[in-house]
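Given next are the chains, with one letter for each unit.
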Amino acid sequence: MGTRHWLPSDGRMLLIVLPMVVALFATLANSAAVMSVDLGSEWMKVGVVSPGVPMEIALNKESKRKTPTTIAFRNGDRVFGEDAQTLGVRFPSNSFGYLTDLLGKTVDNPMVDLYRKRFPYYDIVADPVRRTVVFRSGEEQYTIEELIAQLLQVAKSYAEDSTGQLITECVLIVPGFYGQAERTALVAAARLANLKVLQLINDYTAVALNYGIFRRKEINETAQYFLFYDMGAYKTSAAVVSYQLVKDKATRETHPVVQVLGVGYDRTLGGLEMQVRLRDYLGREFNKMGKTKTDVFTNPRAMAKLFKEAGRLKNVLSANTEHYAQIEGLLDEQDFRLLVKREQFEELCKDLYERVTAPLDKALAVSGLALDVINQVVLFGGNTRVPKVQDILRTHIGQELAKNLNADEAACMGAVYRAADLATGFKVKKFITKDAVLFPIQVVFDREGESGATRQVRRTLFGSMNSYPQKKVITFNKHTDDFEFTVQYAELDAVLKGDTETLGSPDLARVQLSEVAKRLKASVAENVESKGIKAHFLLDDSGIFSLANVELVLEKTVTKEEEDEDESTFQKIGNTISKLFSGDSADKPAEEKPPTEGGAEAKDEEEPASGKEGKESAEEEQQQQQQQEGKKQSGKDKEADGGAKDAKPEAGEPADKKAADEGTEAKNATVKPKIVTLKEPIPSKVELAYVVPLDGELFDASAKRLSALDQVAKAKQRRETALNALESYVIDAQVKLDEQEYASCATETEIETIRKRCGEISEWLYEDGSDADAETYETKLEELRGVANEVYARHWEHQERPIALNALKQMINGSEGFLRSARNLTKDTNPEKDVFTAVEIETLEKAIRSTIEWRDTEVAEQEKLARNAPVRLTVKDITDRMGLLDREVKYLVNKLKLWRPKVKPTPPPKPEKTTAGKKEGEQKEEAPSSEELPGSEPVLEQTPEKDADETEEGATIDPTATQQDRTGESGDHTEL
């Protein structure tokens, strides 16, 4: 129940209920908000969910729902979003954007070369250790993970400002074609931002989840197929998904499931390529005008201006047939103005439009579905608003396109729903997501054949379009010494069609196993047989591959005698108790093996122990286990059938003689040995082959640089806040002293002092104080407040005193009315209802009378004083007097609530005379109640009132509501 602590001072017992304290802290810990971040190439959206405020988009400092993913540095200052874009027009090499496709790539990657071509003014160098992308700006260098981490920090600050809570967990949205290098690099960047990644979710999966949770009622046991088409700033993708209600075999509950069936993408087709082509077209047209001899393509600032104008023009031409491009002072103080028609823009992107339908066709081909079974083609992504893109898709599919999704926020809202599902403290309606593998993963190892020649063996672990998260096991049963194997991508040519270099290195990891021979020699014995070395692999829900563990699997044959010798007394007692509660029979067959670990995992075996060379097989472990169980069950059935036949006595043989023979055979029968599975861990060393991870000293160095930048940013923010506060207070004080309302509350000396001090500070701010630090500003502000606050306090007293006196008047009137009613509830006036005593009535009357006298005296004295004189009657004095009077009234009110009339004992009923003609059955009397029995004590019954703190059960929150009032809670959960 709890821990009791005695207080010896007064002898009372203080009971501290520890579980309640623990539950309180658990509630606070589990009520933390979580966020999702759609970190796109051009825009960033942040979704948040917190207790009471489910699923909404966090606004940035400009109160906008999306923020440009741009960061800029200049003279030690760091800015984000629109400020960074503005700074980037003047200093293009100091402003960095479109960064997400550079994650996890070395400098020789084709995508890095394309980035350099699009933005030639960036100085990109290779990291000396990892060979990844590093931006160099003057003497400063920033790795790609550091830049992404700073953007995530900004997203975190937006989410915290929106929810008012600390946020440490998030779900990040990534393109589906992100490989292992990109995904691990993004997780490292999140770690730099002090964020725990609950999951990396693919963008089309997040959109499909968002689409499903708002249409949950339309999902049934029949599969429904949808195709989601996305064209963003950097890439284009399409995904075929299915929605279906599926019953969970374990819990027997039915939940909706969204499963990805097919994916197609084009990682260079997007709005950015269109904008770059329009920028180059405008540059060529400006050069043709001949306004200056300087080539516009050689000036970074002019190219940045053209790029910004091309982006604006592209958006306008989506809704208009023509528009003017105009830039003031483009180059050498020459203005630029040009009329651009939509036909011209479409002609520039003619070859791009020919690639629009390819991802859609690829997704359908991979899924194996025809277009006629697709319910709808749903659009999302900002560049699907381009009319030409919509016309091409509509013509290709022969039906109308679905535009009922928020193209910008759909992925972010789906991801934040997933974040609430994964985080603690939230209860959501279950919606299962099954993503699919885009790039198959295989294991490659060398093996020696019967002829002594070594050949390379490949085993597919995670095939194309396999759902994940998933675990796989592969068994090496021919290796008796230390060996190594490689994990790499498989069938990339079929998936990427010549663009394999964009994925980076095809090798993912090299795994070295040691002490294999040593463990085999120490473990294998006469009754112990090796079943091979099993390597367990995991593809988690973020799509990140890892080696879980490696172990040597052994089977030990144990006889009944050995088992009894090895079994201790406590083990025997435990087994006996276990059998009693589980109902296991002592006659259970001893040869039955326990189920293998991870029976639901797929297993790829190198070769059966007795198999021939060259006959490798990759089998699902679940299927193998089912086959073994089926054989065991069939054997048991046969034994049972055989036993049933043998139990029948033969013709002409006595039944008792047959039974005696069977008993003798049972005694002579030998007990079959028991098979026990043993596992020994095998040491393994994993060396990543794609990109050196940002870990260890490299991670600490990056974290130190980011910490220094954060300190500079915080110091700058503090200085700006202190400067603004000082300037605002000086201006406000000067304005208020010009108003009669405030000037009347100050003496001539105070007015002169305040004006003089404000003038000195103003001159100092515009001369020597422009470069002062935050502490100096804060000190001067406190000094000025010390001079002016006395005047402000008098003004506040004079302004609030009438309101307080009016409240006191209302309390006095109410008390007098209660006193009049209370006089009728005394013993002298109402003996039947004597609630109050004469002393209590007199005490209340004195309290009212003294309060009125005090008020009248103090008000009269205060009115004699000038407004700039020290205040005599303060608001606090009035509220204190109200508290005294309120205490007296509340005492009597509570006494009235608790009072109950005294119940007098009821005398016994008098016997009634009955006529002789009445029957005995008609002379029944009711039994007297306990109150009517002579000598019984009167019993007072009171209906218990409902506790004011009692609340109703928490109401289920509909996920379709983006914001609603908090109507209740259930435990420490918020339901979505």
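That block above? That's the structure.
Summarised in this report is the structure supplied together with it. This is a predicted model, so every value here is computed, not measured. (Residues numbered from 1 in each chain as written. Predicted model: local features only at pLDDT ≥ 70, side-chain atom pairs only at ≥ 80, totals over all residues. Heavy atoms only, no water.)

1. Examining the sheet that holds strand E12 (residues 140-143)
Thought 1: Pairing within the open sheet is antiparallel, and its three strands lie in the order E10-E11-E12. Every interior strand has two partners, whereas the edge strands, strand E10 (124-126) and E12, have only one. The sheet shows a mean angle of 35 degrees between the axes of neighbouring strands, direction not considered.
Thought 2: Sheet strands touched by helix H4 (residues 144-163): strand E11 (133-137) and E12. Its angle to E12, the strand with the most contacts, is close to 75 degrees. (Pairing = 2+ DSSP bridges. Helix = DSSP H or I, 4+ residues; strand = E, 2+ residues; numbered from the N terminus. Axes fitted to C-alpha atoms, helices over the stretch in contact; angles between N-to-C directions. Contact = heavy atoms within 4.5 Å.)

2. Some points on the sheet that holds strand E28 (residues 507-513)
Thought 1: An order of E24-E23-E27-E28-E33 is seen for the five strands of this open sheet, with the pairing classed as antiparallel. Taken across any chain shown, the strands that pair with only one partner, and hence form the sheet edges, are strand E24 (454-462) and strand E33 (684-688). Taking each pair of neighbouring strands and ignoring which way they run, the sheet shows an average axis angle of 25 degrees.
Thought 2: The pairing of E28 with E33 spans five bridges and is antiparallel. Bridge pairing links Ala-509 to Leu-688 in E33.

3. Some words on helix H13 (residues 410-422)
What sets the pattern is the α-helix's 3.6 residues per turn: residues three or four places apart point alike.
Thought 1: The terminal C-alpha atoms of H13, which comprises 13 residues, lie 19 Å apart, in line with the 18 Å expected from a rise of 1.5 Å per residue.
Thought 2: Most of H13 sits out of view: 12 of its 13 residues are buried.
Thought 3: Of the residues making up H13, those classed as buried are Ala-410, Ala-411, Cys-412, Met-413, Gly-414, Ala-415, Val-416, Tyr-417, Arg-418, Ala-419, Ala-420 and Asp-421. (Expected span 1.5 Å × (residues − 1). Buried < 20%, exposed > 50% of the residue type's maximum accessible area, 1.4 Å probe, protein only.)

4. A few points about empty space enclosed by the protein
A water-sized probe, rolled over the atoms, reveals where empty space remains.
Thought 1: Applying the stated criterion across every chain, the model contains six cavities of 30 Å³ or more.
Thought 2: Its boundaries defined by the atoms lining it, the largest cavity holds a volume of some 150 Å³.
Thought 3: The residue makeup of the lining of the largest cavity, split by class, is nine nonpolar, five polar and one charged. (1 Å grid on protein atoms, 1.4 Å probe; cavity = no way out; pocket = protein on both sides within 12 Å on 5 of 7 lines; lining within 4 Å. Points joined across faces, edges and corners; volume = space filled by probe spheres on them. Nonpolar A, V, L, I, M, F, W, Y, C, P; charged D, E, K, R; others polar.)

5. With respect to the pairing of strand E20 (residues 374-380)
Thought 1: Among the seven residues in E20, five count as buried, and that is most of the element.
Thought 2: Relative to E20, strand E15 (residues 224-231) is paired through six bridges, and the arrangement is parallel. Paired with Asp-230 across the two strands is Phe-380, which belongs to E20.

6. Looking at the nonpolar core
Thought 1: Counting 142 residues, the largest nonpolar core has Phe-135, Phe-228, Phe-485 and Phe-537 as its most contacted members.
Thought 2: Per-element accounting of this core gives the leading share, 10 residues, to H4.
Thought 3: With residues up to four places along the chain from it excluded, the contact list for Phe-228 reads Val-207, Ala-208, Tyr-211, Ser-237, Ala-238, Ala-239, Val-241, Tyr-243, Val-378, Phe-380 and Leu-405. (Core = buried A, V, L, I, M, F, W, Y, C linked by side-chain atoms within 4.5 Å.)

7. Looking at the environment of Val-835
Thought 1: For Val-835, the location among the structural elements is in the loop between helix H23 (774-823) and helix H24 (838-863).
Thought 2: With relative accessibility at 3%, the residue Val-835 sits in the buried group.
Thought 3: Separated by 61 residues in sequence, Val-835 and Leu-896 have C-alpha atoms that sit 6.5 Å apart.
Thought 4: Each residue touching Val-835, except ones within four places of it in the same chain, is listed here: Leu-825, Glu-840, Lys-895, Leu-896 and Trp-899.

8. Focus on the pattern of salt bridges
Thought 1: Within the structure shown, the criterion is met by 51 salt bridges.
Thought 2: The shortest N-O distance in the salt bridge between Asp-108 and Arg-131 comes to 3.6 Å. Separated by 23 residues along the polypeptide, Asp-108 in the loop between strand E9 (95-97) and helix H3 (110-118) and Arg-131 in the loop between E10 and E11 bring together distant segments of the chain.
Thought 3: The partly exposed category is assigned to Arg-131, whose relative accessible area is 40%.
Thought 4: Across the salt bridge formed by Arg-118 and Glu-273, the nearest N and O atoms sit 2.7 Å from each other. One end of the pair, Arg-118, is in helix H3; the other, Glu-273, is in helix H7 (residues 271-289), and 155 residues separate them in sequence.
Thought 5: Judged by its relative accessible area of 3%, Arg-118 is buried.
Thought 6: On the accessibility criterion, Glu-273 (15% relative accessible area) is buried.
Thought 7: Here the salt bridges do not stand alone but share partners, grouping Asp-101, Lys-105, Glu-182 and Arg-267 into one network. (Salt bridge = Lys/Arg side-chain N within 4 Å of Asp/Glu carboxyl O.)

9. Things to note about the packing of H24 against helix H25 (residues 875-898)
Thought 1: Viewed as axis vectors pointing N to C, H24 and H25 meet at an angle of 160 degrees, and their least axial separation amounts to 11 Å. Put simply, H24 runs roughly antiparallel to H25. Handedness of the crossing formed by H24 with H25: left-handed. For the pair formed by H24 and H25, the contact residues are Glu-840, Thr-843, Leu-844, Ala-847, Ile-848, Ser-850, Thr-851 and Trp-854 on the first element and Asp-877, Ile-878, Arg-881, Leu-885, Glu-888, Val-889, Tyr-891, Leu-892 and Lys-895 on the second.
Thought 2: Residue classes in the contact of H24 with H25 are distributed as nine nonpolar, three polar and five charged. (Parallel < 35°, antiparallel > 145°, perpendicular 65-115°, else oblique. Left-handed = near helix turned anticlockwise from the far one by under 90°.)

10. Observations regarding the environment of Lys-341
Thought 1: In this structure, Lys-341 sits in strand E19 (residues 334-341).
Thought 2: Owing to a relative accessible area of 39%, Lys-341 belongs among the partly exposed residues under this scheme.
Thought 3: With 17 residues separating them in the primary sequence, Lys-341 and Tyr-324 have C-alpha atoms 8.6 Å apart.
Thought 4: Setting aside chain neighbours within four positions, we find Lys-341 in contact with Leu-317, Thr-321 and Glu-322.

11. Details of the packing of aromatic side chains
Thought 1: Applying the stated criterion across every chain, the model contains 33 aromatic pairs.
Thought 2: Taking the centre distance of 5.8 Å and the plane angle of 15 degrees together, the rings of Tyr-115 and Tyr-122 count as stacked.
Thought 3: The exposure class assigned to Tyr-122 is buried, which follows from its relative accessible area of 12%.
Thought 4: Note on Trp-764 and Tyr-777: the rings are 5.8 Å apart at their centroids and 75 degrees apart in plane angle, and the pair reads as edge-to-face. Of this pair, Trp-764 sits in helix H22 (residues 748-766) while Tyr-777 sits in helix H23, and the two are 13 residues apart along the sequence. For the pair Trp-764 and Tyr-777, one class covers both residues: buried. (Phe/Tyr/Trp six-rings, centres within 6.5 Å; stacked < 30°, edge-to-face > 60°.)

12. Topic: the packing of H23 against H24
Thought 1: Two elements in contact, H23 and H24, have axes separated by 10 Å at closest approach and are oriented at 155 degrees. Considering their axes alone, H23 and H24 lie roughly antiparallel with respect to each other. Helix-helix and strand crossings are classified by hand; for H23 and H24 the assignment is left-handed. Between H23 and H24, the contacting residues are His-798, Arg-801, Leu-805, Leu-808, Lys-809, Ile-812, Ser-815, Glu-816, Phe-818, Leu-819, Ala-822 and Arg-823 on the first element and Ile-841, Leu-844, Glu-845, Ile-848, Thr-851, Ile-852, Trp-854, Arg-855, Val-859 and Gln-862 on the second.
Thought 2: Considering only residue class, the contact of H23 with H24 consists of 12 nonpolar, four polar and six charged.

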